[in-house]
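Each chain, written out:
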Amino acid sequence: MSATEQQRELAERLTAFLSQYSRLSDSYIIEFFSKDHWHTLPIAWQPVLQDLTYQQVADLLLDATPRDRSTSLRYPSAWPLSLLAFRAAAHALAFPRGPRLQRGGSARPDEFLGNGSQSALLGHIFRKHVKPKKQHEIRRLGSLVKQVCDQTDCNSVVDVGSGQGHLTRFLSFGLGLSVTAIEADRALVATATKFDRELVWALEKEKQKKNCSSLVTASQPSPRHLAGWVNPDASWEAFIEQLSAAQCAEQSVSTPTASRRKRPRGAEHAGPPSSHTAQIATDSSSAACCRSLVHADHQEVAAPKPGRPDFVLTGLHACGDLSATLLRHFVHCPHVRGITSVACCYMKITTEEDPTPPGLVEEAGARPAARDAALSGFGYPMSSWVGGLPGHQLSYKAREGACHAVEDYTRRLRVGGQALRTHCYRAALETFIADARPDLRRAGIQTIKGAHLLPFAEYARLGLARVGLPPGLPLDPQRVEAMLKQQGRVVVYFSLALLLAPVVETLVLLDRMIYLQEQGVHSQLVPLFDPNFSPRNLVLVALKSQSH
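So, here is what we can say about the structure in this document. (Residues numbered from 1 in each chain as written. Predicted model: local features only at pLDDT ≥ 70, side-chain atom pairs only at ≥ 80, totals over all residues. Heavy atoms only, no water.)

When helices and strands are tallied, the protein chain shows 19 helices and seven strands. Counting the 548 residues in the protein chain, one finds 54% classified as buried. Element-wise, carbon and sulfur atoms account for 52% of the exposed surface of the protein chain, whose accessible area totals about 23100 Å². (Helix = DSSP H or I, 4+ residues; strand = E, 2+ residues; numbered from the N terminus. Buried < 20%, exposed > 50% of the residue type's maximum accessible area, 1.4 Å probe, protein only. Areas by Shrake-Rupley, 256 points an atom, 1.4 Å probe, with all protein chains shown as cover.)

Running from amino to carboxyl end, helix α4 (residues 54–62) crosses helix α14 (residues 406–415) at an angle of 145°, the nearest separation of the two axes being 7 Å. The segment α4 lies against α14, with Y54, Q55, V57, A58, D59 and L62 engaging V406, Y409, T410, L413 and R414. Split into classes, the residues belonging to the contact of α4 with α14 amount to seven nonpolar, two polar and two charged. (Axes fitted to C-alpha atoms, helices over the stretch in contact; angles between N-to-C directions. Contact = heavy atoms within 4.5 Å. Nonpolar A, V, L, I, M, F, W, Y, C, P; charged D, E, K, R; others polar.)

To continue, consider the pairing of strand β5 (residues 336–344). With nine of its nine residues buried, β5 lies for the most part within the structure. Here eight bridges tie strand β4 (residues 311–319) to β5, and the two strands are oriented parallel to one another. Following the sheet pairing, C319 is matched in β5 by C344. Handedness of the crossover joining β4 and β5 through helix α11 (residues 321–332): right-handed. For β5 and strand β7 (residues 538–543), the ladder comprises five bridges, and the chain directions are antiparallel. When the bridges of β7 are listed, I339 appears paired with A542. (Pairing = 2+ DSSP bridges. Right-handed = clockwise from strand over helix to strand, strands pointing away.)

All right, on to the packing of aromatic side chains then. The geometry of an aromatic ring pair comes down to the distance between the two centres and the angle between the two planes. Inspection of the entire model under this criterion finds 13 aromatic pairs. Between F126 and F170, the aromatic rings sit 5.2 Å apart at their centres with planes inclined by 85°, giving edge-to-face as the arrangement. With F126 in the loop between α5 (81–93) and α6 (132–152) and F170 in helix α7 (residues 166–174), this residue pair connects regions lying 44 residues apart in the sequence. A relative accessible area of 0% places F170 in the buried class. A connected cluster of aromatic rings, assembled from ring pairs, spans F17, Y21, W45 and F86. Lying across the ring of Y28, K397 places its NZ or CZ 5.6 Å from the centre. Positioned above the aromatic ring of F432 is the side chain of R479, whose terminal nitrogen or guanidinium carbon lies 4.9 Å from the ring centre. (Phe/Tyr/Trp six-rings, centres within 6.5 Å; stacked < 30°, edge-to-face > 60°. Lys NZ or Arg CZ within 6 Å of the ring centre and 35° of its normal.)

All right, on to the sheet that holds β4 then. Spatial strand order, β3-β2-β1-β4-β5-β7-β6: seven strands in an open sheet with mixed pairing. Each of the sheet's edge strands pairs with one partner strand only, and the pair in question is β3 (224–227) and β6 (523–527). Looking at each pair of strands side by side, their axes are set apart by 20° on average, direction ignored. Where strand β1 (residues 156–160) lies against β4, three bridges are found, and the strand directions are parallel. In the strand pairing of β4, V158 is matched with L313. Its contacts with the sheet place α6 against β1, β4, β5 and β7, and it is angled at close to 155° to β4.

So, about the state of the cysteines. Inspection of the entire model under this criterion finds zero disulfides. Here C154 is not cross-linked by a disulfide; its sulfur's nearest cysteine counterpart is in C149, at 5.5 Å. For C154, a relative accessible area of 7% corresponds to the buried category. (Disulfide = S-S within 2.5 Å.)

So, on to the nonpolar core. Note on soluble globular proteins: their nonpolar side chains tend to be buried together. In this structure, L49 and F86 are the most contacted members of the largest nonpolar core, which totals 108 residues. The element best represented in this core is helix α19 (residues 501–518), accounting for eleven residues. The residues touching L49, leaving out its near neighbours within four places in the chain, are W38, L61, W79, L83, V492 and L496. One finds F126, V148, L316 and L528 within the second-largest nonpolar core, a separate group that totals 31 residues. (Core = buried A, V, L, I, M, F, W, Y, C linked by side-chain atoms within 4.5 Å.)

Quick look at the pattern of salt bridges now. Scanning the model with the defined rule gives 23 salt bridges in all. A salt bridge links R441 to E31; the nearest nitrogen and oxygen atoms lie 3.2 Å apart. On the criterion of sequence distance, the pair formed by R441 in the loop between α15 (422–436) and α16 (456–466) and E31 in the loop between α2 (22–25) and α3 (46–49) is long-range, its members being 410 residues apart. Judged by relative accessible area, R441 falls into the partly exposed class, the value being 41%. Given a relative accessible area of 3%, E31 falls into the buried group. Here R411 ties to D408 by a salt bridge, and the two come within 2.8 Å at their closest N and O atoms. Of this pair, R411 and D408 both sit in helix α14, three residues apart, which is roughly one turn of the helix. Each member of the salt-bridge network shares a partner with another, and the members are E31, K35, R441 and R442. (Salt bridge = Lys/Arg side-chain N within 4 Å of Asp/Glu carboxyl O.)

Here is the structure:
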């Protein structure tokens with residue numbers, strides 16, 4: 001069976017499976033009591049699930065590769081075959097996400113064992129202002145982008161949704177690439193420019209201190225930061241024009257003079273990551289991933305086009321439709337030679353059923369209230385194949401659930417403690433909110449600090465005030481007590497829904513792979529980041545063949 005046939009068959013299985021359990025993926029945990037979610041589960045599941053310990057929920061439900069089942073992980077009772085099949089299918093259908101956290105192990109990668117806030121594999125100049133999670137991500141993604149550039153003989157990169165420019169600086173100052181960064185938030189662009197200046201100053205100071213004239217050269221300019229919103233309805237020509245004509249928030253910083261450019265101290269640690277590729281991909285490293293993409297279908301990588309320099313597109317956790325937009329530009333724009341796409345915020349993806357989801361990023365006057373699918377299509381589905389499958393639709397809640405971190409919740413279950421009561425508290429409060437003001441159901445309540453440490457009455461007082469209800473609203477104590485006793489059921493139900501999160505994410509990303517395949521482009525998914533540290537860890541990598 002060809003790779004294309006495998007992808008399409010997997011899409012059929014995914015849509016059929018998710019359609020069968022859509023009630024679970026579409027449900028809101030805060031409505032556990034108000035909509036009696038527990039009794040919507042198959043009757044045979046309820047008695048075997050309700051008495052599970054948190055450790056058993058983690059080991060028997062969420063862990064994709066539990067250890068020796070014959071000893072420490074025995075089932076406390078006989079599970080119905082339908083429940084066993086649900087668990088097995090959910091794990092089998094989801095793209096592999098990399099190593100799971102061993103019980104008792106550290107949630108941080110080995111590079112942080114010496115210092116929990118500083119990666120030992122990233123030079124100190126690239127760690128300033130950068131949180132550990134982002135250090136891990138920019139080092140690994142930067143190395144992969146460099147490999148794509150090497151394979152395509154391309155030295156220019158466009159980093160879209162660049163934020164404060166952490167990845168941009170590593171690509172430019174650390175790996176010697178010519179980088180243009182585009183970010184919609186002008187405040188972040190200004191911060192990125194400021195951080196560039198600080199890094200250049202630090203390099204100059206280090207050069208003077210060591211009397212070394214080869215740390216950085218003027219031949220390689222600093223990154224160019226553009227303030228601009230990438231309109232998903234605009235053509236690739238408009239995107240290129242935006243890159244060419246957009247005004248910098250501030251002038252790019254000048255680079256100290258020297259004879260030639262070398263990597264700053266610390267960049268030598270940016271070696272290729274050793275992640276295993278996900279389903280469909282067959283190679284064991286990102287470097288092998290690039291090589292296999294180059295030689296896919298025995299076609300050569302596209303030659304540079306005359307005129308404007310060609311470039312590689314990258315987006316680290318590009319939000320909502322932005323990732324889909326970049327893939328379309330990659331396919332249609334002759335100047336884009338390769339792409340590395342890390343998606344996030346799936347709930348902000350537009351669909352035919354939900355063209356303006358909550359949180360949709362817009363720019364005033366640049367985008368109509370309803371998407372014009374004839375111009376650009378929606379964020380999901382992108383492929384004709386998935387769009388033609390019955391039951392392919394994904395609700396807002398299903399897409400939002402796909403953003404949750406299975407590894408993190410599994411770790412919390414194994415640790416146990418009072419922190420796990422938060423969902424039960426919120427679900428109990430929802431019943432009183434719905435009784436008093438049905439129009440306020442699912443009202444957003446900002447995080448209440450230390451909620452799990454509060455008595456429920458105090459939590460409710462704070463929560464009611466945040467939705468505009470009287471803090472002293474009467475609460476039936478017997479009713480409250482009955483709900484709080486069901487905390488275990490709430491945790492189990494949330495875990496069942498969470499088990500579907502990687503399956504939904506797999507369908508969204510597989511749809512993008514199939515879309516690329518329909519356009520004649522081979523792609524692969526690489527689980528590049530440690531999922532225990534960076535949950536959205538799957539990177540879609542593609543290089544354009546000569547025919548494009």
